[in-house]
Amino acid sequence: MSTTATPHASTPSSSSNPSSAHFDQSAADWDQRPTSQQLVVVPPRLMAQVPFGAEDRVLDLGAGTGLLATAIAPQVAHVTAIDMSAPMLAVLDAKGHANIRTVLGDVAQYSKEHAGQYSAIVSCMVLHHIPDTEETFRAIAELLQPGGRIALVDLFAEDGTFHGTPEENAEKGVLHHGFEPQALQALASEAGLVDIAFQPIAEVQQRNGRAYPLFLMTGHRR
């Protein structure tokens, strides 16, 4: 994974990381994929539970092609979309939202230079791809203003079949088979986040015929 966070250049770059390579190679048709098509219900449901204001500055963690960023941008002052895949961010840039800034890099490094800048941090189906969840929650808390909110969507704990076979999990950079809410709540609390709550927000039907539930995790910085 990259260790720096830099403003995104529109020219895609290749990655030696196999999981990053998967997202790089998938960027062009990402929005048309079956799972992506099912996830379009997430932004309006998230925004119904976590309203945004015209002065808000929002960070979209693992923004990809902008599922959340493009939905939230019309409601807020600014969205920073951070991701590890340059081709994914190139697709987002091409959507032409003037108040979305894309950043190529790692959120832990980015947090060291942008502490306290955001009124909200959002993500969708990102946490299970991040190696160090504890470090990520520390970075999230550091980036938030006092009282700043989180709205994070991911998988409830599953048996490893959501992304397919073990080989497909490895190829796609799956590092956690979903999460038990209690475990994430403990990490968030240790990082200084409070009033943590979880609620089901959607289900994703996969090609094995099973439906996998997703949660919305909310809370805020002290």
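Residues numbered from 1 in each chain as written. Predicted model: local features only at pLDDT ≥ 70, side-chain atom pairs only at ≥ 80, totals over all residues. Heavy atoms only, no water.

A.B. asks: Honestly, the nonpolar core in this entry has me stumped. Any pointers?
C.D. replies: A general tendency of soluble globular proteins is for nonpolar side chains to be buried together. If you look at the biggest cluster of nonpolar residues, it comprises 31 residues, and the most contacted ones within it are Phe52 and Leu214. For this core, the secondary-structure elements that each account for two or more residues are helix H3 (42-49), helix H4 (67-72), strand S3 (78-83), helix H5 (86-93), strand S5 (118-124), strand S6 (144-155), strand S7 (193-205) and strand S8 (211-221). Not counting chain neighbours up to four residues away, the residues in contact with Leu214 comprise Leu39, Met125, Val153, Asp154, Leu155, Phe156, Gln199, Pro200, Ile201, Ala202 and Val204. Counting residues in each nonpolar core, the second largest holds 27 residues, with Leu61, Val107, Ile140 and Phe215 among its members. (Core = buried A, V, L, I, M, F, W, Y, C linked by side-chain atoms within 4.5 Å. Buried < 20%, exposed > 50% of the residue type's maximum accessible area, 1.4 Å probe, protein only. Helix = DSSP H or I, 4+ residues; strand = E, 2+ residues; numbered from the N terminus. Contact = heavy atoms within 4.5 Å.)

A.B. asks: When you look at helix H9 (residues 181-191) in this model, what are you seeing that I'm missing?
C.D. replies: An α-helical turn contains 3.6 residues, so any two residues separated by three or four positions project in the same direction. Those residues of H9 lying buried are Pro181, Leu184, Ala188 and Ala191. Viewed end-on, H9 has its buried residues packed into an arc of 90°, placing them on one side of the element. Exposed and facing more than 90 degrees away from the buried side of H9 are Gln182 and Glu190. Where H9 is buried, its residues contact helix H7 (133-143), S7 and S8. Phi turns positive, to about 105°, at Gly192, one or two residues after H9. (Arc of directions from axis to C-beta.)

A.B. asks: What should I look at first to understand H3 in this one?
C.D. replies: Within H3 the residues assigned to the buried category are Val42, Pro43 and Leu46. An end-on view of H3 places all buried positions within 95° of arc, on one side of the element. Of the exposed residues in H3, the ones pointing more than 90 degrees away from its buried face are Pro44 and Ala48. In the core, the buried residues of H3 are packed alongside H4, S5, S6, S7 and S8.

A.B. asks: Quick question: what am I supposed to make of unusual backbone geometry here?
C.D. replies: Across residues other than glycine, the phi torsion is negative in most instances, and most of the peptide bonds are trans. With phi around 60°, Met125 is a residue other than glycine that occupies positive phi space. Tracing the backbone shows Met125 in the loop between S5 and H7. The phi torsion at Asp195 lies on the positive side, around 55°, for a residue other than glycine. Relative to the assigned elements, Asp195 resides in strand S7.

A.B. asks: Explanation requested: the packing of aromatic side chains in the structure shown.
C.D. replies: The relation between two aromatic rings is expressed through the spacing of the ring centres and the mutual angle of the planes. In this structure the tally under the stated criterion is five aromatic pairs. Here the aromatic rings of Phe198 and Phe215 are separated by 5.4 Å at their centres, their planes lie at 75°, and the arrangement is edge-to-face. Pair noted here: Phe198 is in strand S7 and Phe215 is in strand S8, with a separation of 17 residues, a long-range link. Site record: aromatic cluster; members linked through ring pairs are Phe156, Phe198 and Phe215. (Phe/Tyr/Trp six-rings, centres within 6.5 Å; stacked < 30°, edge-to-face > 60°.)

A.B. asks: Just checking my understanding: could you explain the environment of Arg138 for this structure?
C.D. replies: Within the element layout of this structure, Arg138 appears in helix H7. The spatial distance from the C-alpha of Arg138 to the C-alpha of Ala108 is 8.1 Å, given a sequence separation of 30 residues.

As far as function goes, none of this settles anything; it's purely spatial.
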